[in-house]
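These are the residues of each chain, in order.
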Amino acid sequence: MKQVAVLRAGFLTAVQDLGRTSFRQFGVSLGGALDPFALRVANLLAGNDESAAGLEITFGGLQLQFTDERIIAWCGGEFDVRARSTSLPAGHAFHISAREELKFDRPKIGCRAWLAISGGIDAPIVLGSRSTDLRANFGGFEGRALRNGDVVSLGARPGPLKPPTTGIGSWTAPHDWVSPAKRDPLLRFTRGADWDRFDVSTLQRLRSEPFNVSPDSDRMGVRLDGPELKQENNADLISEAVVPGTIQVPPSGKPILLLQDCQTIGGYPKIAHVITVDLGIAAQLRAGDHVRFSEVSLAEAHRLLLERELAVERFCVGLSLRTS
């Protein structure tokens, strides 16, 4: 059996794929990688199916040792990633040898990275996914984050190793795909179902003033300090569906930006929704960051997503030509 040994697990490292997409009606969170697109790109570069399970690495500190040779690729924040003395940039395939070690140091910008390994992580499939649900303690590797000394099984490599057979591949993806973390993050949003519950001055603050990321943030959501967003009508709301990207406003007036591990329904007013193509930026927010919001139309959000998916199709064609 082919495996990778966890010499150091780092701050928080867990097995994640693209999540559980068919169980929200039963109260099961979507989960999966906080930036599913980054994991998709890393998998493509490593020669995997887009949905293969990889590792989500939070704040670095990870050190792995491989038992056989693999192609790896990673995407995410500004991490220093090394194999031996070789620095591995984001968005490039790399041939790693048996018994070779891979290290992720603490990031300078952003907080998360996604590592794809050819063959993927061979974790049990639970409710259609290999992802780790860290709140419910199931899926992934024994339903928990990785620990020092764990040994993680890898899937069979998808055919013979493709280029690069040695060293770092020259082929890469657009910078914003592989390195979505920003020094001055701006998140675009569309209006939420409860937009009209807020007065004009409150809505203007959302669109013009910066918010600070609270330390009280996790994979479920990012809590934001700064301008208070008070609704005009404090009437109770019936709980309704929420999704990653929903911005809820609790009675405190401090908004919460929901992420992949968010609950399936919520009773707080939904003032806005961060658009899908910007969720990768949201996944990199860490305590102390300043973030701003900018409104776009629903049509523009759809256009940006379609444009990116068409670009991915072209990227896959280019990859197939490079590795054939």
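The structure under discussion appears in the preceding block.
Everything numeric in this text was worked out from a predicted model, so none of it was measured.

J.: Explanation requested: the pairing of strand β19 (residues 270-274) in the structure shown.
T.: Across a regular strand the side chains alternate sides, sitting on one face of the sheet and then on the other. Within β19, four of the five residues are buried, which leaves it mostly tucked inside the rest of the structure. Bridging between strand β12 (residues 186-191) and β19 involves three bridges; their strand directions are antiparallel. Directly across from R191, in β19, lies its bridge partner A272.

J.: How do you make sense of the packing of aromatic side chains when you look at a structure like this?
T.: Here a ring pair, both rings aromatic, is described through the centre-centre distance and the interplanar angle of the planes. Applying the stated criterion across every chain, the model contains ten aromatic pairs. When the ring of W74 is compared with that of F104, the centres are 5.8 Å apart and the planes differ by 75°; the resulting orientation is edge-to-face. Here W74 is found in strand β5 (residues 70-78), whereas its partner F104 is found in strand β9 (residues 101-104), with 30 residues between them in sequence. You'll find W74 and F104 in the same group, each marked buried. Three or more aromatic residues link up through ring pairs in this structure, and these residues are F37, W171, W177 and F315.

J.: Would you take a moment to explain the sheet that holds strand β17 (residues 256-258) for this structure?
T.: Strand pairing within a sheet occurs via backbone hydrogen bonds; the two strands may be parallel or antiparallel. Spatially, β12-β19-β16-β17-β14-β13-β20 is the arrangement adopted by the seven strands of the closed barrel, whose pairing is mixed. The average undirected angle you get between the axes of adjacent strands in this sheet is 40°. Bridge count between strand β16 (residues 246-248) and β17: two bridges; the pairing is antiparallel. Across the sheet, Q248 pairs through a bridge with I256, a residue of β17.

J.: Any chance you could explain the pattern of salt bridges here in plain terms?
T.: It is possible for side chains bearing opposite charge to pair when their charged atoms get close. Using the criterion set out here, one finds 23 salt bridges in the structure. Between R223 and D216 there is a salt bridge; the shortest N-O distance is 3.4 Å. Relative accessible area serves as the criterion here: at 53%, D216 is assigned to the exposed category. Through salt bridges with shared partners, a single ionic network connects D194, R197, E240 and K270.

J.: Please explain the state of the cysteines as it appears in this structure.
T.: Working definition of a disulfide: a covalent bond connecting the sulfur atoms of two cysteines. Going through the model one piece at a time under the given rule, you end up with zero disulfides. In this structure C75 is not part of a disulfide, and its nearest cysteine sulfur, from C316, lies 13 Å away. On the basis of relative accessibility, which here comes to 0%, the residue C75 falls in the buried class. No disulfide involves C111; its sulfur sits 15 Å from the nearest other cysteine sulfur, which is in C75.

About the thresholds
Every chain is numbered on its own, with residues counted from 1 as its sequence reads. Under the rules for a predicted model, residues below a pLDDT of 70 receive no local features and side-chain atom pairs below 80 are neither given nor counted, while totals for whole chains, interfaces and linings still include all residues. To get the side-chain values, take all heavy atoms of the structure and skip hydrogens and water. Buried, partly exposed and exposed residues are distinguished by accessible area as a fraction of the type maximum, computed with a 1.4 Å probe on protein chains only: under 20%, between the cut-offs, and over 50%, respectively. Counting from the N terminus, the helices are DSSP H or I runs at least four residues long and the strands are E runs at least two residues long. A pair of strands is treated as paired once DSSP finds two or more bridges between them. Ring pairs shown here join Phe, Tyr and Trp side chains whose ring centres sit within 6.5 Å, with only the six-membered ring taken for Trp; geometry is labelled stacked below 30 degrees between planes, edge-to-face above 60, and tilted in between. Between N-to-C directions, angles span 0 to 180 degrees; the directions come from axes that are lines fitted to C-alpha atoms, helices contributing only their stretch in contact. Within this document, salt bridges are pairs made up of a side-chain nitrogen of Lys or Arg and a carboxyl oxygen of Asp or Glu, the two lying within 4 Å of each other. Cysteine sulfur atoms are paired as a disulfide whenever they come within 2.5 Å of each other.

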